[in-house]
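# Observations on chain architecture
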Amino acid sequence: MSTYPSPSFEQKICPPEELAARLAGLPRPLVFTNGCFDILHRGHVTCLAQARALGAGLVVAINTDASVKRLGKGDDRPVNHTEQRAAVLAALECVSLVTWFDADTPLDVILAIRPDVLVKGGDWAPEHIVGSNQVLEWGGSVHSIPFLFATSTTETIKRIRQKS
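Per chain, the residues get numbers from 1 upward, laid out in the order the sequence is written. In keeping with the model being predicted, local features are shown solely for residues with a pLDDT of at least 70 and side-chain atom pairs are shown and tallied solely at 80 or more, while totals for entire chains, interfaces and linings include all residues. Only hydrogens and water are set aside; all other atoms, that is, all heavy atoms of the structure, feed into the side-chain values.

- Under the annotation held in an unreviewed UniProt entry, the protein carries the name D-glycero-beta-D-manno-heptose 1-phosphate adenylyltransferase and is attributed to Iodobacter ciconiae.
- UniProt positions are given in the numbering used here, feature names are shortened, and annotations may be inferred rather than shown by experiment. The UniProt entry for the protein carries this comment under Catalytic activity (unreviewed entry): "D-glycero-beta-D-manno-heptose 1-phosphate + ATP + H(+) = ADP-D-glycero-beta-D-manno-heptose + diphosphate".

### Digging into the sheet that holds strand β4 (residues 117-121)
- Any two strands between which DSSP finds at least two bridges are classified as paired. Each helix is a run of DSSP H or I of at least 4 residues and each strand a run of E of at least 2, with the numbering of both proceeding from the N terminus. The 5 strands are arranged β3-β2-β1-β4-β5 in an open sheet whose pairing can be described as parallel. The sheet terminates laterally at β3 (97-101) and β5 (141-145), the two strands that pair on one side only. Neighbour to neighbour, the strand axes of the sheet diverge by 25° on average, direction disregarded.
- On top of the sheet, helix α2 (residues 42-52) reaches β1 (30-35), β2 (57-63), β4 and β5; it is set at about 140° to β2, its chief contact.
- The strands that helix α4 (residues 82-90) touches are β2 and β3; relative to β2, the one it contacts most, it runs at about 160°. The axes are straight lines fitted to the C-alpha atoms, using for helices just the contacting stretch, and the angles between their N-to-C directions are given from 0 to 180°. Residue contacts follow a heavy-atom distance rule, with two residues in contact if any of their heavy atoms lie within 4.5 Å.

### Considering the nonpolar core
- Working definition of a nonpolar core: buried Ala, Val, Leu, Ile, Met, Phe, Trp, Tyr and Cys residues. They are joined through side-chain atoms within 4.5 Å. Residue burial is assigned from relative accessible area. The probe radius is 1.4 Å, only protein chains are included, and a residue is buried under 20% of its type maximum, exposed over 50%, and partly exposed in between. Ranked by size, the top nonpolar core spans 20 residues in total, and within it Leu48, Leu58, Val60, Leu89 and Val95 carry the most contacts.
- Of all the elements in the fold, those that place two or more residues in this core are α2, β2, α4 and β4.
- Considering each element in turn, this core owes the most residues, 4 residues, to α4.
- If near-sequence neighbours (up to four positions away) are discounted, Leu48 is found in contact with Thr33, Phe37, Leu58, Val60, Leu89, Leu92 and Cys94.
- Judged by nonpolar contacts, the second largest core, of 17 residues, contains Cys14, Leu23, Val109 and Val142.

### What about the UniProt feature "domain: Cytidyltransferase-like" (unreviewed entry) in the protein?
- UniProt's feature table lists "domain: Cytidyltransferase-like" (unreviewed entry) at residues 32-126, given in the numbering used throughout.
- Here residues 32-126 is 35% helix and 22% strand, with 14 Å between the C-alpha atoms at its ends.

### Some details on the environment of Ala86
- Here Ala86 is to be found in helix α4.
- Apart from residues lying up to four places away in sequence, Ala86 is in contact with Ile13, Ile62 and Val98.

### What to know about the pairing of β4
- Most of β4 is tucked away: 5 of the 5 residues are buried.
- Strand direction decides the pairing type here: β1 and β4, joined by 2 bridges, are parallel. Following the sheet pairing, Phe32 is matched in β4 by Leu118.
- Of the strand pairs in this sheet, β4 and β5 are connected by 5 bridges, and their pairing is parallel. Each residue of the ladder has a partner; that of Val117, found in β5, is Ser141.
- By convention, a crossover is right-handed whenever its connection, traced from the first strand over the helix to the second and viewed with the strands pointing away, goes clockwise. This β-α-β element, β4 to helix α6 (residues 132-137) to β5, shows right-handed connectivity.

### Here's the deal with the pairing of β1
- Across the 6 residues of β1, 6 count as buried, placing the element largely inside the fold.
- With burial as the criterion, each face of β1 is covered, one bearing Leu30, Phe32 and Asn34 and the other bearing Val31, Thr33 and Gly35.
- Relative to β2, β1 runs parallel, the two being bridged by 6 bridges. Looking across to β2, one finds that Phe32 is bridged to Val59.
- Each parallel crossover has a hand, and the one from β1 via α2 to β2 is right-handed.

### Focus: the pattern of salt bridges
- Whenever Lys or Arg places a side-chain nitrogen within 4 Å of a carboxyl oxygen from Asp or Glu, that contact is recorded as a salt bridge. In the structure shown here, the tally under the stated rule is 4 salt bridges.
- The shortest N-O distance in the salt bridge between Asp104 and Arg70 comes to 2.6 Å. Of the two residues, Asp104 is situated in the loop between β3 and α5 (107-113) and Arg70 in helix α3 (residues 65-70); the sequence distance between them amounts to 34 residues.
- Classification of Arg70 as partly exposed rests on a relative accessible area of 45%.

Right under this line is the structure:
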């Protein structure tokens, strides 16, 4: 029986307490986005690729399981636990680093990272994106990327349940 090394993408998973040390190695301009990313779909990966195109590196911060539950997405959410969601995102070429936060908003992570570019999906107006005022104050930019595909995790879960 042979053993295999850990996939290299696992190195892109960064516990919050190691974030400060890992930021120095990331290329600038640095893009930041966040979300649950519970069941990754085409809308997610398209938005992430477009976000990365706005800079040289992309940090994604995901809500912890407890944080997802507090968002009221349903008693059975998240479907995938924090560690699994982080690994799937880290495997994407466009993602430079994945971390997580347990708060209700990612503001503390944004302040720690000081991204050059702050991005959310098209359901967020730029002025309502958490951290937008701070990023603009230090000279960064804020973007709301329009949805190109009508996909959502909630709809995916509904379709799965209808088939079972």
